[in-house]
Amino acid sequence: MRRMILPNRAALGTMHGKAVAIAPPMARLGITLEVPDGLDTDRFGTFTNETPRLGTMDDAARAKACAAIAATGLSVGIASEGAYRPHPWIPFLPIGREVLLWRNEETGQEVIERLTDEAPCYDNAIVFSTDEAATFLASIGFPQTAVIVAPGGQGAAPLAKGLQDLGSVDDAIQRALHLWGTGGAFLQTDMRAHLNPRRMETIGRLAERLAARLGTGCPVCAAPGWGLLRVETGLPCSWCDGPTLLVKTEVHGCTLCGSEKSLPRTDGACTADPGHCPTCNP
Ligand SMILES: [Zn+2]
Ligand SMILES: [Zn+2]
């Protein structure tokens, strides 16, 4: 079988210090990251909506990876993209999604890892005084987690971002109250990786997964990144044998040559409880 070849160097498309989290697992694969100077990744979208993201999270990560490839002249680029919002069905809980993309410009191969953070440091509050802000700041782990201040009401353009000292926060709150006294001052966690330790930690976990995946070669073409491509549902019901919506198989494969292999569920389950069956428990 051919030996898998990984590059010695890869370009990392970030302006928010993500190398801290991504470089160590890549170094264990023998890959040194190069972060181009002056790369403006904010043009592909910001968390605070001054620049809305065009396309999907994958598109944004790809655009950053391609920009890093173009800036360095290397053939491989890596970039991440995150999205944070209130949980879709659990009130008052936030949820975060992170994507980490590896792209080889010469072959066109991409390897993408994703994860969901069920406990991100993502929150906001409306305050009418600096005293009121103290509780919020304590809850988000300020000053390690930076804060953004805007006039009251979500969606208003921020007055100040990346604040990590109390004096600046107080000052921004006063300005917000002056501009929009009745609506209060809108405080929110800064989600940029270098200003949000929890997010940086999440990106680190994702980088570990990407490294593990890149370390696995395709058994057919030896490209790096053999791993989970998708899951297929239809685990048979233990009563009627009909298909349920539970995962039946994991499809692992190679994103370069297209080889695939279906594997049974990792927990070994061969049948589903009838409670999950649309026929037995409609
Ligand atoms: Zn392959
Ligand atoms: Zn059934």
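Small disclaimer: the values here were computed from a predicted structure and weren't measured. (Residues numbered from 1 in each chain as written. Chains lettered and ligands numbered in written order. Predicted model: local features only at pLDDT ≥ 70, side-chain atom pairs only at ≥ 80, totals over all residues. Heavy atoms only, no water.)

A. View of the overall build of the protein chain. Per the secondary structure count, the protein chain includes 5 helices and 12 strands. Seen through its principal axes, the protein chain has C-alpha atoms that stretch 65 × 55 × 30 Å. Across the 282 residues that make up the protein chain, the buried fraction comes to 47%. For the protein chain, the exposed surface amounts to about 14100 Å²; the carbon and sulfur share of it is 55%. Across the protein chain, the 25 positively charged side chains and the 30 negatively charged ones have centroids separated by 7 Å. (Helix = DSSP H or I, 4+ residues; strand = E, 2+ residues; numbered from the N terminus. Buried < 20%, exposed > 50% of the residue type's maximum accessible area, 1.4 Å probe, protein only. Areas by Shrake-Rupley, 256 points an atom, 1.4 Å probe, with all protein chains shown as cover. Lys, Arg positive; Asp, Glu negative; His and termini not counted. Charge placed at Lys NZ, Arg CZ, Asp CG, Glu CD.)

B. Spotlight on the coordination of the zinc ion (ligand 2). Donor atoms from the polypeptide that coordinate the zinc ion (ligand 2) comprise C237 (SG), C240 (SG), C277 (SG) and C280 (SG), at 2.2 to 2.4 Å from the metal. Geometry at the zinc ion (ligand 2) is tetrahedral, judged from its 4 donor atoms and the angles of 103 to 112 degrees they form at the metal. Going along the chain, you hit the donors of the zinc ion (ligand 2) in the pattern C-x2-C-x36-C-x2-C. Taken together, the positions of C240 in the loop between strand 10 (227–233) and strand 11 (247–253) and C280 in the segment after strand 12 (260–264) put the pair 40 residues apart, joining distant regions of the chain. Under the relative-accessibility criterion, C240 is labelled partly exposed at 36%. A relative accessible area of 30% places C280 in the partly exposed class. (Donors = N, O, S within 2.8 Å, 3.2 Å for Na, K, Ca; no water. Tetrahedral: all angles 85-135°; square planar, octahedral: opposite > 155°, others 65-115°.)

C. Examining the coordination of the zinc ion (ligand 1) more closely. For the zinc ion (ligand 1), every protein donor is listed as C218 (SG), C221 (SG), C254 (SG) and C257 (SG), and the spread of their distances is 2.3 Å. Relative to the metal, the 4 donor atoms surrounding the zinc ion (ligand 1) lie at angles of 106 to 114 degrees, and the coordination shape comes out tetrahedral. Read in sequence order, the donor residues coordinating the zinc ion (ligand 1) give the pattern C-x2-C-x32-C-x2-C. Exposure remark for C254: the relative accessible area of 4% places this residue in the buried category. The class of C257 is partly exposed, set by a relative accessible area of 37%.

D. Focus on the pattern of salt bridges. If you walk through the whole model with that rule in mind, you get 18 salt bridges. Across the pair D190 and R192 runs a salt bridge, and its minimum N-O distance is 2.7 Å. Just as D190 is buried, R192 falls in that class too. Residue E232 is joined to R230 by a salt bridge in which the shortest nitrogen-to-oxygen separation is 3.6 Å. In this structure E232 comes out as partly exposed when scored by relative accessible area, which is 33%. Among the charged side chains, a network of salt bridges with common partners joins D59, R62, R103, E105 and E110. (Salt bridge = Lys/Arg side-chain N within 4 Å of Asp/Glu carboxyl O.)

E. Main features of the environment of A207. Among the secondary structure elements, A207 is positioned in helix 5 (residues 197–214). Using a relative accessible area of 0% as the deciding quantity, one classes A207 as buried. Each C-alpha atom, one on A207 and one on V99, is 9.7 Å from the other, the two residues being 108 residues apart in sequence. Not counting residues up to four positions away in its chain, the partners in contact with A207 are A21, I22, P25, M26 and L100. (Contact = heavy atoms within 4.5 Å.)

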